[in-house]
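Here is what each chain is made of, one letter per residue.
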Amino acid sequence: MPLPLYLLAVAVCAMGTSEFMLAGLVPDIASDLGVTVGTAGTLTSAFATGMVVGAPLVAALARTWPRRSSLLGFILAFAAAHAVGAGTTSFPVLVACRVVAALANAGFLAVALTTAAALVPADKKGRALALLLSGTTVATVAGVPGGSLLGTWLGWRATFWAVAVCCLPAAFGVLKAIPAGRATAAATGGPPLRVELAALKTPRLLLAMLLGALVNAATFASFTFLAPVVTDTAGLGDLWISVALVLFGAGSFAGVTVAGRLSDRRPAQVLAVAGPLLLVGWPALAMLADRPVALLTLVFVQGALSFALGSTLITRVLYEAAGAPTMAGSYATAALNVGAAAGPLVAATTLGHTTGNLGPLWASGLLVAVALLVAFPFRTVITTAAPADATR
């Protein structure tokens, strides 16, 4: 894989830390800003909503911008939003900062996904995506637990400051490693924007996006509210939140790595194995959450299965959007973050019921069940290898 891909993954890691870090900070933010835990959890949805709206919008604008300048500008805007968020005492301002950061993240990821696909042969998109998403999984292994520990010791604001500072090396890497050429349809002789937008009418593309969104919704539904499960249901101390996050991240890294090897040519095997296991895993986690060993083991397993299945589906989005070379990354980003926005909202509605802290885990199982029910009639369509026009 080309060196620029690894440096893009470093930047994705810095941004991924921010997207996932609220899983360990929600209780503290709620207490500090005088809102409920459920309300604080909507910060994740606000971020994801900004990603959904921002991905296609910013990607369309960035078609005429220099590739390196675009990526650099997005990273610096992302850092500035976190600096402002770290200093505010207003929850609405913090929500606004999360939306701005999400727009910057969406722009970066949309351009980065398109850049990654352009840096490798057409039949290696799955591996390129896996490498890029490994930045996110490294964030869950190191950045998010580190942020949780920092938040435990110095408060959640310190974590926001740390993310802002960590963006600077990523910006330097982009400046030094990414060519200054233009990532535009005009520069590459690609189709006009209206043709790329017309790809959204393709049933195969819409199906892949829907399934990717549902699986990611299940992931975020539980991940966002994992901290109360660890401390209240399992009866573990606050530091064990970081341990659970590390295990989820380690599983995610393992899952996306394995799927990256298989998703280009053997998506059927990944979906056939990971889908049913993921469906069983969420209810099992809910029923065994009061047993620390079982809880921590299943957190690792669910992280692996979630990212193996999710990354494979997002790879299918890139293949099905091969006719939209500058917008494909934004479609994949939108699919991921529709799920990331919807998941916590669905999970939050379960917190006031008899299921209590375990409600989000049951909600995740339901979302995966819906995904599998939708996928089953179209399983041969979803698992078809890369379309011929994408691999020529």
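Only a predicted model underlies this, so the values are computations on that prediction, with no experimental measurement involved.

### So, the overall build of the protein chain
Alright, step 1. Within the protein chain, the secondary structure is distributed over 17 helices and zero strands.
Alright, step 2. Here the protein chain holds 392 residues, and the buried ones make up 57% of them.
Alright, step 3. Long-range contacts, defined here as pairs at least 24 residues apart, represent 85% of the contacts in the protein chain between residues at least 6 apart.
Alright, step 4. Surface summary for the protein chain: the accessible area is close to 14,500 Å², and the carbon and sulfur share equals 72%.

### Some thoughts on a nonpolar patch on the surface
Alright, step 1. A surface patch of nonpolar side chains, about 370 Å² in accessible area, is lined by Val53, Leu57, Leu61 and Trp65.
Alright, step 2. Positionally, Leu57 belongs in helix α2 (residues 37-62).

### So, the packing of aromatic side chains
Alright, step 1. For the coordinates displayed, the defined rule picks out three aromatic pairs.
Alright, step 2. Put simply, the rings of Phe223, Phe248 and Phe307 touch in pairs and so form one group of aromatic residues.

### Details of the nonpolar core
Alright, step 1. Ile29, Leu71, Ile75, Phe78, Phe108, Val317 and Tyr331 are the most contacted members of the largest nonpolar core, which totals 68 residues.
Alright, step 2. With sequence-adjacent residues up to four places away left out, Phe108 is seen in contact with Leu8, Ala11, Val12, Met15, Leu71, Phe74, Ile75 and Val174.
Alright, step 3. Membership of the second largest hydrophobic core comes to 49 residues, among which are Val256, Ala274, Trp282 and Ala286.

### A few points about helix α9 (residues 203-224)
Alright, step 1. Its 22 residues place the ends of α9 31 Å apart at the C-alpha level, agreeing with the 32 Å of an ideal helix rising 1.5 Å per residue.
Alright, step 2. For α9, the buried fraction is high: 18 of the 22 residues fall into the buried class.

### Notes on the side chain of Thr350
Alright, step 1. Inspection of the secondary structure assignment puts Thr350 in the loop between α14 (328-348) and α15 (359-375).
Alright, step 2. A polar contact is formed between the side chain of Thr350 and the backbone oxygen of Ala347, at a distance of 2.6 Å.
Alright, step 3. Not counting residues within four places of it along the chain, the set of residues in contact with Thr350 comprises Thr355, Gly356, Gly359, Pro360 and Ala363.

### Points about helix α13 (residues 292-320)
Alright, step 1. With 29 residues, α13 should reach 42 Å at 1.5 Å per residue; the first-to-last C-alpha distance of 42 Å fits that figure.
Alright, step 2. Of all 29 residues that make up α13, 23 are buried, and the element is covered over most of its length.

### Some points on the pattern of salt bridges
Alright, step 1. Taken as a whole and judged by the stated rule, the model has two salt bridges.
Alright, step 2. In this structure, the salt-bridge partner of Asp32 is Arg157, at a minimum N-O distance of 3.1 Å. Pair noted here: Asp32 is in helix α1 (residues 3-33) and Arg157 is in helix α6 (residues 156-177), with a separation of 125 residues, a long-range link.
Alright, step 3. Relative accessible area serves as the criterion here: at 41%, Asp32 is assigned to the partly exposed category.
Alright, step 4. Accessibility expressed as a relative area gives 23% for Arg157, which makes it partly exposed.
Alright, step 5. For Arg204, the salt bridge identified is with Glu320, shortest N-O distance 2.9 Å. Of this pair, Arg204 sits in helix α9 while Glu320 sits in helix α13, placing them 116 residues apart in sequence.
Alright, step 6. Residue classification places Arg204 among the partly exposed residues on the basis of a relative accessible area of 29%.
Alright, step 7. On the basis of relative accessible area, Glu320 is assigned to the buried category, the value being 15%.

### Structural notes on the side chain of Thr224
Alright, step 1. Mapped onto the elements of the fold, Thr224 is located in helix α9.
Alright, step 2. Reaching out from Thr224, the side chain makes a polar contact with the backbone oxygen of Phe220 at a distance of 2.8 Å.

### A look at the environment of Ala116
Alright, step 1. Following the sequence through the fold, Ala116 ends up in helix α4 (residues 91-119).
Alright, step 2. Those residues in contact with Ala116 that sit more than four places away from it in its chain are Leu5, Ala128 and Leu132.

### Brief notes about the confidence of the model for the protein chain
Alright, step 1. For the protein chain, mean pLDDT is 82; residues scoring 70 or higher make up 89% of the total.
Alright, step 2. The least confident element of the protein chain, judged by mean pLDDT, is helix α17 (residues 388-391) at 41; the most confident is α15 at 94.
Alright, step 3. Long-range and interchain partners of residues 183-188, a stretch whose pLDDT sits below 50, account for 16 contacts in this model, where long-range means more than four residues apart.
Alright, step 4. Note that residues 386-392 has pLDDT below 50 and, in this model, 16 contacts with residues that lie over four places away or in other chains.

### Here's the deal with the packing of α13 against α14
Alright, step 1. Running from N to C, α13 and α14 point in directions that differ by 150°, and their axes come no closer than 9 Å. It follows that α13 is roughly antiparallel to α14 by the angle criterion. Between α13 and α14 lies a crossing of right-handed hand. Of the residues in α14, those touching α13 at Ile314, Val317 and Leu318 are Ala328, Gly329, Tyr331, Ala332, Ala335 and Leu336.
Alright, step 2. Among the residues making up the contact of α13 with α14, the classes are represented as eight nonpolar, one polar and no charged.

### Notes on the packing of helix α12 (residues 267-287) against α15
Alright, step 1. Between α12 and α15, whose axes approach to 8 Å, the crossing angle comes to 165°. Taken together, the axis directions place α12 and α15 in an arrangement best described as roughly antiparallel. For the pair α12 and α15, the sense of crossing is left-handed. When α12 is examined against α15, the residues Gly275, Pro276, Leu278, Leu279, Trp282, Pro283, Leu285, Ala286 and Met287 are found in contact with a partner set consisting of Leu361, Trp362, Ser364, Gly365, Val368, Ala369 and Leu372.
Alright, step 2. Residue composition of the contact of α12 with α15, by class: 13 nonpolar, three polar and no charged.

### A word on the environment of Leu61
Alright, step 1. When you line up the elements, Leu61 lands in helix α2.
Alright, step 2. Leu61 sits in the partly exposed class, given a relative accessible area of 45%.
Alright, step 3. Sequence separation of Leu61 and Gly107 is 46 residues, and the distance between their C-alpha atoms is 9.2 Å.

Basis of the calculations
Residues numbered from 1 in each chain as written. Predicted model: local features only at pLDDT ≥ 70, side-chain atom pairs only at ≥ 80, totals over all residues. Heavy atoms only, no water. Helix = DSSP H or I, 4+ residues; strand = E, 2+ residues; numbered from the N terminus. Buried < 20%, exposed > 50% of the residue type's maximum accessible area, 1.4 Å probe, protein only. Contact = heavy atoms within 4.5 Å. Areas by Shrake-Rupley, 256 points an atom, 1.4 Å probe, with all protein chains shown as cover. Patch = residues over 30% accessible without salt bridge, like charges linked within 9 Å, V, L, I, M, F, W, Y side chains within 5 Å. Salt bridge = Lys/Arg side-chain N within 4 Å of Asp/Glu carboxyl O. Phe/Tyr/Trp six-rings, centres within 6.5 Å; stacked < 30°, edge-to-face > 60°. Core = buried A, V, L, I, M, F, W, Y, C linked by side-chain atoms within 4.5 Å. Expected span 1.5 Å × (residues − 1). Polar contact = N/O pair within 3.5 Å; in protein donor to acceptor, adjacent residues only side chain to side chain. pLDDT = per-residue confidence, 0-100. Axes fitted to C-alpha atoms, helices over the stretch in contact; angles between N-to-C directions. Parallel < 35°, antiparallel > 145°, perpendicular 65-115°, else oblique. Left-handed = near helix turned anticlockwise from the far one by under 90°. Nonpolar A, V, L, I, M, F, W, Y, C, P; charged D, E, K, R; others polar.

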